[in-house]
Amino acid sequence: MLPCSRIMWTALALVLAFCRGALSLDKLNMCMDAKHHKVEPGPEGYLYRQCEPWRDNACCTSNTSTAAHDDNSYLYNFNWNHCGAMSEQCKKHFIQDTCFYECSPHLGPWIQQVWSMSWIWSSWRKERILDVPLCQEDCHSWWEDCKNDFTCKTDWHKGWDWSSGTNKCPKDSRCSKWTEIYPTPQSMCEQIWSNSYRYTTYSKTSGRCMQLWFNGTNPNKKVAEYYLNNGNNPKPVWANIISALFLCVTSLILTGN
């Protein structure tokens, strides 16, 4: 076992290196390190249908934007119709959610590293979004258009039966009406993707919330800039430092290196 002081100094050096790299990124114009994202955002000559508003500066490719509209697409093999056919009015919001996730270059304030319980990187992505403040209109319209649909799970990020290659409801679950699983717009927006989104009462004109739906100039850059400048991003840099330090120390202790 290495002396504790050596472990701590080694971990601190690793954390400082990590932080220098993180702070050098332009958090107002960056892409997540995830499964289908581009390394850097940039213009795309063509993006398909609902992803089209991001064409001037996107983290998604044209192929990704097309696949975002497909049932059981190659992106994640995710089956929207796990409790019968999802209504078209509901599905359009999940397509828009996918476009937002895959294409947005202005999610920097809410991008977090993903670690599994075994202290290794997640198998399909290294970063995720957490607590992105959604505009009230987008959350409410999503819930309203899905409230007559059915699902079997609260958190769609985990707990599915993937034995067939696509997600199925787990054996101990049952399909229930949307409003039984998500009684309010807030419960749906915050729970469905493991707190990727945070419910707000801000309107689209406030400049304090991210818009899933927009036309013309992307309004979300100014929102991201506001949260960066005002220090209101949900997990400040020092929280990342402490988290990374803990993970580094734990890794060093377990490996003895």
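Residues numbered from 1 in each chain as written. Predicted model: local features only at pLDDT ≥ 70, side-chain atom pairs only at ≥ 80, totals over all residues. Heavy atoms only, no water.

In terms of helices and strands, the chain carries eight helices and six strands. In the chain, of all internal contacts separated by at least 6 residues, the share reaching a separation of at least 24 is 67%. As displayed, the chain has an accessible area near 13,300 Å², and 54% of this comes from carbon and sulfur atoms. (Helix = DSSP H or I, 4+ residues; strand = E, 2+ residues; numbered from the N terminus. Contact = heavy atoms within 4.5 Å. Areas by Shrake-Rupley, 256 points an atom, 1.4 Å probe, with all protein chains shown as cover.)

With that settled, consider the pattern of salt bridges. By the definition in use, this model includes eight salt bridges. Where Lys91 meets Asp71, a salt bridge forms, and the shortest distance between an N and an O atom there is 3.1 Å. In this pair, Lys91 is assigned in helix 3 (residues 88–103) and Asp71 in the loop between helix 2 (62–67) and helix 3, connecting sequence segments 20 residues apart. Here Lys91 falls in the buried class, since its relative accessible area comes to 7%. Asp71 sits in the partly exposed class, given a relative accessible area of 39%. Glu180 is paired through a salt bridge with Arg174; the nearest N and O atoms lie 3.9 Å apart. Per residue, the accessibility class of Glu180 equals that of Arg174, and both read exposed. Ionic contacts of the salt-bridge type, sharing partners, join the residues Asp71, Glu88 and Lys91 into one network. (Salt bridge = Lys/Arg side-chain N within 4 Å of Asp/Glu carboxyl O. Buried < 20%, exposed > 50% of the residue type's maximum accessible area, 1.4 Å probe, protein only.)

Let us now look at the confidence of the model for the chain. With 75% of its residues at a pLDDT of 70 or more, the chain has an overall mean of 80. Put simply, helix 1 (residues 4–24) is where the chain has its lowest mean pLDDT, 46, and strand 4 (residues 150–151) is where it has its highest, 98. Here residues 116–122 scores under 50 on pLDDT; set against residues more than four positions off or in separate chains, the count is 10 contacts. (pLDDT = per-residue confidence, 0-100.)

Counting residues in hydrophobic clusters, the biggest one holds 52 residues, and the most contacted among them are Phe94, Leu107, Trp142, Trp156, Trp178, Trp193 and Tyr197. Elements with a minimum of two residues in this core: helix 3, strand 3 (132–134), helix 4 (136–146), helix 5 (178–181), helix 6 (185–191), strand 6 (197–199) and helix 7 (220–229). In terms of residue count, helix 3 provides more of this core than any other element does, seven residues in total. In contact with Trp142, other than residues within four places in its own chain, are His93, Phe94, Asp97, Met188, Cys189, Trp193, Tyr197 and Leu212. (Core = buried A, V, L, I, M, F, W, Y, C linked by side-chain atoms within 4.5 Å.)

A few words on helix 7. Taken together, the buried positions of helix 7 are Asn220, Val223, Ala224 and Tyr227. Down the axis of helix 7, the sector holding all buried residues measures 95°, keeping them to one side. Facing away from the buried surface of helix 7 by more than 90 degrees, the exposed residues are Lys222 and Asn229. Buried residues along helix 7 sit against helix 3, strand 3 and strand 6. (Arc of directions from axis to C-beta.)

Attention shifts here to the side chain of Ser194. Following the sequence through the fold, Ser194 ends up in the loop between helix 6 and strand 6. Beyond its immediate sequence surroundings of up to four residues, Ser194 is in contact with Arg128, Leu130, Asp155 and His157.

The next subject is the packing of aromatic side chains. Under the definition given, this model contains 19 aromatic pairs. When the centroid spacing of 5.0 Å and the interplanar angle of 40° are considered together, the rings of Trp80 and Phe94 count as tilted. Note that Trp80 is positioned in the loop between helix 2 and helix 3 and Phe94 in helix 3, a separation of 14 residues in sequence. The pair formed by Trp80 and Phe94 is uniform in burial state, with each residue classed as buried. Ring geometry for Phe94 and Trp142: centres 5.3 Å apart, planes at 85°, overall edge-to-face. Taken as a pair, Phe94 in helix 3 and Trp142 in helix 4 lie far apart in primary sequence, 48 residues in all. Judged on exposure class, the residue Phe94 and its partner Trp142 are both buried. Connected via pairs of aromatic rings, a cluster forms that spans Phe78, Trp80, Phe94, Phe100, Trp142, Trp156, Trp160, Trp162, Trp178, Tyr182, Trp193 and Tyr197. (Phe/Tyr/Trp six-rings, centres within 6.5 Å; stacked < 30°, edge-to-face > 60°.)

To continue, consider helix 4. Taken together, the buried positions of helix 4 are occupied by Asp138, Cys139, Trp142, Trp143, Asp145 and Cys146. Close packing links the buried residues of helix 4 with helix 3, helix 5, helix 6 and strand 6.

Turning next to the environment of Cys90. Take Cys90: it is sitting in helix 3. Put simply, Cys90 and Asp149 are 59 residues apart on the chain and 7.6 Å apart in space, counted from C-alpha to C-alpha. For Cys90, the residues in contact, after removing those within four places along its chain, are Asp145, Cys146, Asp149 and Trp178.

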